Amino acid sequence: MPLEVEVKFPVPDPGALTRRLLDAGFHLETPRTFERNILYDTPDRRLRSVQTILRVRKYGDRWIVTHKCLPKNNDPEARHKHRDETETEVEDGQAIGHIFSQLGFQPSFVYEKYRTEFADPTGHCVLDETPIGFYAELEGPPEWIDATGRKLGIDASQFMTLSYGRLFEQWQRDNSSSVPNLTFDEIHAAKS
C-alpha cells in the first residue's frame, strides 16, 4: 500500500513561498485549481475515531476517491504524518458518493481550497488557499521534507501533522463558531 509522508505549515506570504520554491528548483506542476472534498463516515463517526478517511474529491474537472488510514507501525510521536493511502480517479464522483451512502456512509465534512502544485525530482509542495488561511504541504521522504523545509527557510517548529479537519476545529474554537464545514461560502457568511 502506498505510504504518504507529509507535513503542513502556515504560509503568511504565498508569493514569497512561490518565489522560494522556484528558486529552489521546483517547477509548477498544476496552476491554482479549485478543489472540493467530501468526507464520508458512519453516523457514529467510526472512521474518524480510528483516524481513517474516505473521501471524494473534485479537483478541477477530475474526480478522485481516496482512502487513508494509519499504517500498522504508526508512531504517534513522529514529526511527519504517515498514512497508508489508496486513491483512484473515477468518472463520476457523485455516483460514488451515492454508492457510499447506500453502503451506510454519509457525508460528514466538506472542505474547499484552491491548490497550486509544485514538484522537484523527489517530492511535492502544494500551496493551499483555504477559507481560513494559506497552508503548504511538503510530501516526500522524511529526509527530503526536512532538507526542503530548511532550503525554503521554514523552521521545523512550524511543521504540523494536523488534517484540514483538525485545523478547522481549532479555527471553530478560536472563533467561537459553529459553522459545520470549511467552505468559502460558509466561512464568509460566518465572518459577515
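Right above here is the structure, for reference.
Cut-offs applied
Residues numbered from 1 in each chain as written. Predicted model: local features only at pLDDT ≥ 70, side-chain atom pairs only at ≥ 80, totals over all residues. Heavy atoms only, no water. Pairing = 2+ DSSP bridges. Helix = DSSP H or I, 4+ residues; strand = E, 2+ residues; numbered from the N terminus. Axes fitted to C-alpha atoms, helices over the stretch in contact; angles between N-to-C directions. Contact = heavy atoms within 4.5 Å. Polar contact = N/O pair within 3.5 Å; in protein donor to acceptor, adjacent residues only side chain to side chain. Buried < 20%, exposed > 50% of the residue type's maximum accessible area, 1.4 Å probe, protein only. Phe/Tyr/Trp six-rings, centres within 6.5 Å; stacked < 30°, edge-to-face > 60°. Lys NZ or Arg CZ within 6 Å of the ring centre and 35° of its normal. Core = buried A, V, L, I, M, F, W, Y, C linked by side-chain atoms within 4.5 Å.

A. Expanded view of the sheet that holds strand β6 (residues 106-119). With respect to topology, eight strands assemble into a closed barrel ordered β1-β5-β4-β3-β2-β6-β7-β8, the strand pairing being antiparallel. Mean inter-strand twist for the sheet, computed between neighbouring axes without regard to direction, equals 35 degrees. Two elements, strand β7 (residues 124-130) and strand β8 (residues 133-139), share seven bridges in a ladder whose sense is antiparallel. Bridge pairing links His124 to Glu139 in β8. The sheet contacts of helix α1 (residues 14-23) involve β1 (3-10), β6, β7 and β8, and relative to β7 the element is tilted by about 170 degrees. In the packing of helix α4 (residues 142-151) onto the sheet, the strands contacted are β1, β5 (81-90), β7 and β8, and the crossing angle to β8 comes to about 135 degrees.

B. Representation of the side chain of Asp128 in the model. With respect to the secondary-structure elements, Asp128 resides in strand β7. At 2.7 Å, the side chain of Asp128 and the side chain of Arg115 are in polar contact. A distance of 2.7 Å separates a polar atom in the side chain of Asp128 from a polar atom in the side chain of Tyr164. In this structure Asp128 touches Lys113, Tyr114, Arg115, Gly133, Phe134, Tyr135, Glu137 and Tyr164, once residues within four positions along its chain are discounted.

C. Structural view of the pairing of β7. Burial analysis of β7 places five of its seven residues in the buried class, which makes it a mostly covered element. The pairing of β6 with β7 spans six bridges and is antiparallel. Counted as the bridge partner of Phe118 is Cys125 from β7. Where β6 folds back on β7, the antiparallel hairpin that results is connected by four residues. Linking β7 back to β8 in an antiparallel pair, the connection comprises two residues.

D. A look at the packing of aromatic side chains. This model, assessed by the stated rule, comprises eleven aromatic pairs. In textbook terms, an aromatic cluster arises when at least three aromatic residues are bridged by ring pairs, as seen for Phe109, Tyr111, Tyr135, Tyr164, Phe168 and Trp171. Note that Lys8 overlies the ring of Tyr164, its terminal NZ or CZ placed 4.5 Å from the centroid.

E. Looking closely at the nonpolar core. Counting 17 residues, the largest nonpolar core has Phe9, Leu17, Leu21, Leu138, Ile145 and Phe159 as the members making the most contacts within it. Elements supplying a minimum of two residues to this core: β1, α1, β7, β8 and α4. Top contributing element to this core by residue count: β1, with three residues. Discounting residues that sit within four places of it in the chain, Leu138 has contacts with Val5, Glu6, Val7, Phe9, His124, Cys125, Trp144, Ile145, Thr148, Gly149, Leu152 and Phe159.

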